[in-house]
Amino acid sequence: GPPGAGKGTQAYFIVKNFNLYKVSTGDLLRDEVNKKNELGNKIKSIIDKGLLAPDNIINKLIDNILLNKNFNNRILFDGYPRNLDQVKNLESLLKKNNQKISAVISLNIDKESIFKRILGRQTCSNCGLIFNEYFYPSTSANHSCNSSFLKKRSDDNEKTIINRFETYIDKTLPILDFYKEQNLLHQINGMAKIHEIYKEIQGIKASLETWLYKLYLYK
């Protein structure tokens, strides 16, 4: 989905309830930025402009994750791959590590909502939960951490949002056709409420489990 579609929020629920490991290239890149070394400074300059990090950097980070046997076939990719070259690299890495993709979920959302979601986005630096000032504010009922932990990302500004959305249209949308041809793509209304979106995702997982069970029976 485009920036602000709610990928991170839904990924959190999926990982928590289905015992998976989330891999977000954004998180991996920000970890490098926090190291404040030469590579981190280079990445920060790219991210702050709303541009995508070079594929060679992303591919190396993903390769390191797939080599970890603890995550074998238990990975949820959040916002990756972002272009066709990354798709090809991921296919190669998965084959090399004897892993496969079970499903690709796309959250569809309009441009106006993207602006509100991103400009209102807050992430808890303590627990990692994601909130939104407009749609899903942090309260005592849904968040136990102190409000001082709520932070906004440095790249969440209007200029960066426009650049990232245009990059998404140009580079990321074409990969949906690739996964659609493989019968892996599930498109979801990202404009729905958070719990409604998650309920639909749960339905996708249930149908996958049924299919895999039948496949096992007929083997």
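For the structure itself, consult the block above.
The rules behind each value
Residues numbered from 1 in each chain as written. Predicted model: local features only at pLDDT ≥ 70, side-chain atom pairs only at ≥ 80, totals over all residues. Heavy atoms only, no water. Helix = DSSP H or I, 4+ residues; strand = E, 2+ residues; numbered from the N terminus. Rg over C-alpha atoms; globule rule 2.2 N^0.38 Å. Buried < 20%, exposed > 50% of the residue type's maximum accessible area, 1.4 Å probe, protein only. Contact = heavy atoms within 4.5 Å. Core = buried A, V, L, I, M, F, W, Y, C linked by side-chain atoms within 4.5 Å. Salt bridge = Lys/Arg side-chain N within 4 Å of Asp/Glu carboxyl O.

Engineer: Just to check I follow, could you spell out the overall build of the protein for this structure?
Structural biologist: Looking only at helices and strands, the protein has nine helices and seven strands in total. Relative to the compact-globule value of 17 Å for 219 residues, the protein shows a C-alpha radius of gyration of 18 Å, a close match. Seen along its three principal axes, the alpha-carbon backbone of the protein occupies a region of about 55 × 40 × 30 Å. Split into buried and exposed, the 219 residues of the protein put 39% on the buried side. Pairs at least 24 residues apart make up 69% of the contacts formed inside the protein by residues separated by at least 6 positions.

Engineer: In this structure, what is going on with the nonpolar core? I would like to understand it.
Structural biologist: Across soluble globular proteins, nonpolar side chains show a tendency to be buried alongside one another. In terms of nonpolar packing, the biggest core is built from 27 residues, with Leu 29, Ile 62, Leu 66, Leu 90 and Tyr 179 touching the most fellow members. When residues of this core are traced back to their parent elements, those giving at least two are helix H2 (25-34), helix H3 (38-48), helix H4 (55-66), helix H5 (84-96) and helix H8 (174-181). Excluding residues that lie within four positions of it along the chain, Leu 66 makes contacts with Ile 75, Phe 77, Leu 90, Leu 93, Leu 94, Asn 97 and Gln 99.

Engineer: What is the right way to read unusual backbone geometry from this model?
Structural biologist: The phi torsion of most residues other than glycine is negative, and most of the peptide bonds are trans. A cis amide bond links Tyr 80 to the next residue, Pro 81, at an omega of 0°. The phi angle at Asn 19 is positive, at roughly 55°, despite the residue not being glycine. Mapped onto the elements of the fold, Asn 19 is located in the loop between helix H1 (7-18) and strand E1 (21-24). A positive phi angle is found at Lys 36, which is not glycine, with a value near 55°. Within the secondary structure, Lys 36 sits in the loop between H2 and H3. We classify Lys 36 as exposed; its relative accessible area is 67%.

Engineer: Explanation requested: the pattern of salt bridges in the structure shown.
Structural biologist: Should their charged atoms come close, side chains of opposite charge can pair. Enumeration over the complete set of coordinates arrives at nine salt bridges. Across the salt bridge formed by Glu 133 and Lys 152, the nearest N and O atoms sit 2.8 Å from each other. Placement of Glu 133 in the loop between strand E5 (130-132) and strand E6 (150-151) and of Lys 152 in the loop between E6 and helix H7 (158-172) is noted, with a sequence separation of 19 residues between them. The class of Lys 152 is partly exposed, set by a relative accessible area of 46%.

Note that all results are geometric; they support no functional claim without further evidence.
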